[in-house]
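Now for the letters of each chain:
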Amino acid sequence: MTKIDKSIGRQHRATLPRHARVRVGKREVTDPSEAWAVIDEARIAHVGFIADARPMVIPMLHARIGRKLYIHGAKATRIVKGIEERAPVCLTVTLLDGIVVARSAFHHSMNYRSVVVHAQARHVVNAAEKEAALVALTNRLLPGRWDEVRPMTAKEFGATGVLALDVEQITMKRRDGPPVDDEEDYRLPVWAGVVSLAEIVTGVSPDERLEGDIPASPSVAALALPGR
C-alpha cells in the first residue's frame, strides 16, 4: 500500500462514525464495488439487532437489489415481529479463502474477505417491492429458481415478512498472502504456508417423493456442473 493509498484510507475512515470504522487500516478495502461483490457471493449473512433489550445475531438469507439489501422470514419470527417502523441493524458476511499456517501459533491467521453493513431496517409493505424482494431472495439460492416453481399463494405471500435494509455505511476488510512470522522464526524447521479453501457442490440428491422420472431443473443442474 502506497503513502497515497494510506492517506486516502485515513481520510475515508475519518468520515465514518466510530461503529463503522475499520481498526486495522491495512486490511480495509475502500472500493464499494468490491464490498458489494462479496455480499453478492456470500451465501449466508449474520444479522445483528436488538430484541427485548438484548443483542441478537442470527444467520439469514440475503439478497440485493441495487444498494438495498433484503431479508425475510415468517411474520412471527423475532427479527420480523420485533422491528417496528425502522430499527438499526448490522449485517455481516465473510468469505473464507484460506488457513494461514505460520511458524508460531501467534501468527496463524485466515485469508478472508468480510463486509459489515450498518443499515436501517424497515418493513416492506408495498406489494410490488415485496414481490421483487422475494424473487431476488429465491433466485439468490438458485438463479432462475423463481420461474421453475409454482406461484406463491396469497396466503404464503401474506405470511411472509420482508425487511429492507437501507444501507448507511458499508465497510470491507481483506487479508490475503502468506504468513507473517517473526524474522528469527523463518529459520525454524517448521512448515508454513497457506491452505486454500473453496466452496464446492458435493452432491445433488433428489427428493424421495418425486413422482416419475423428473430431471434436475436448470437452476439445480447449473449449480452442480463440475468446476462451478
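Below is a short write-up of the structure. Nothing here was measured: the structure is a model prediction, and the numbers come from that model. (Residues numbered from 1 in each chain as written. Predicted model: local features only at pLDDT ≥ 70, side-chain atom pairs only at ≥ 80, totals over all residues. Heavy atoms only, no water.)

Brief notes about the overall build of the protein chain
- Counting its secondary structure elements, the protein chain contains six helices and nine strands.
- Buried residues in the protein chain amount to 35% of all 228 residues.
- Of the roughly 14700 Å² of accessible surface on the protein chain, 56% is carried by carbon and sulfur atoms. (Helix = DSSP H or I, 4+ residues; strand = E, 2+ residues; numbered from the N terminus. Buried < 20%, exposed > 50% of the residue type's maximum accessible area, 1.4 Å probe, protein only. Areas by Shrake-Rupley, 256 points an atom, 1.4 Å probe, with all protein chains shown as cover.)

Some words on the packing of aromatic side chains
- A complete count under the given rule lists zero aromatic pairs for this structure.
- Here K130 stacks its cationic end above the ring of F157, 4.5 Å away from the centre of that ring. (Phe/Tyr/Trp six-rings, centres within 6.5 Å; stacked < 30°, edge-to-face > 60°. Lys NZ or Arg CZ within 6 Å of the ring centre and 35° of its normal.)

Focus: helix α2 (residues 32-41)
- Those residues of α2 that sit buried are A35, W36, V38 and I39. The arc that holds the buried residues of α2, viewed along the axis, is 155°, so those residues lie on one side.
- Each element contacted by the buried residues of α2 is listed here: β4 (63-65), β5 (68-74), β6 (86-101), β7 (109-123), α4 (127-141) and β8 (160-175). (Arc of directions from axis to C-beta. Contact = heavy atoms within 4.5 Å.)

Remarks on the pairing of β7
- Within β7, 11 of the 15 residues are buried, which leaves the element mostly enclosed by the surrounding structure.
- Pairing geometry for β6 and β7, over 14 bridges, is antiparallel. Across the sheet, residue C90 finds its bridge partner in β7, namely H118.
- The pairing of β7 with β8 spans 12 bridges and is classified as antiparallel. The partner of R113 across the bridge, within β8, is R174. (Pairing = 2+ DSSP bridges.)

Describing the pairing of strand β2 (residues 45-51)
- With five of seven residues buried, β2 lies mostly within the body of the structure.
- Two strands pair when backbone bridges link them, and β2 and strand β3 (residues 54-60) are joined in this way by seven bridges, in the antiparallel orientation. Across the sheet, G48 pairs through a bridge with V57, a residue of β3.

Some thoughts on the environment of V167
- Here V167 shows up in strand β8.
- You can call V167 buried: its relative accessible area is 16%.
- When the C-alpha atoms of V167 and P88 are compared, they prove to be 10.0 Å apart, with 79 residues separating the residues in sequence.

Some thoughts on the pattern of salt bridges
- Enumeration over the complete set of coordinates arrives at 13 salt bridges.
- The partner of R43 in a salt bridge is E199, and the shortest N-O contact between them spans 2.5 Å. Of this pair, R43 sits in the loop between α2 and β2 while E199 is found in the loop between β9 (193-196) and α6 (218-223), placing the two residues 156 residues apart along the sequence.
- With a relative accessible area of 38%, R43 lands in the partly exposed category.
- The residue R150 makes a salt bridge to E156 at a minimum N-O spacing of 2.6 Å. (Salt bridge = Lys/Arg side-chain N within 4 Å of Asp/Glu carboxyl O.)

Here we look at the side chain of K130
- Relative to the assigned elements, K130 resides in helix α4.
- Of the side chains bearing the opposite charge, E131 lies closest to the buried K130, which forms no salt bridge; the N-O distance is 10 Å.
- At 2.7 Å, the side chain of K130 and the backbone oxygen of F157 are in polar contact.
- With residues near it in sequence (within four places) discarded, K130 still touches V124, F157, G158, T160 and V162. (Lys, Arg positive; Asp, Glu negative; His and termini not counted. Polar contact = N/O pair within 3.5 Å; in protein donor to acceptor, adjacent residues only side chain to side chain.)

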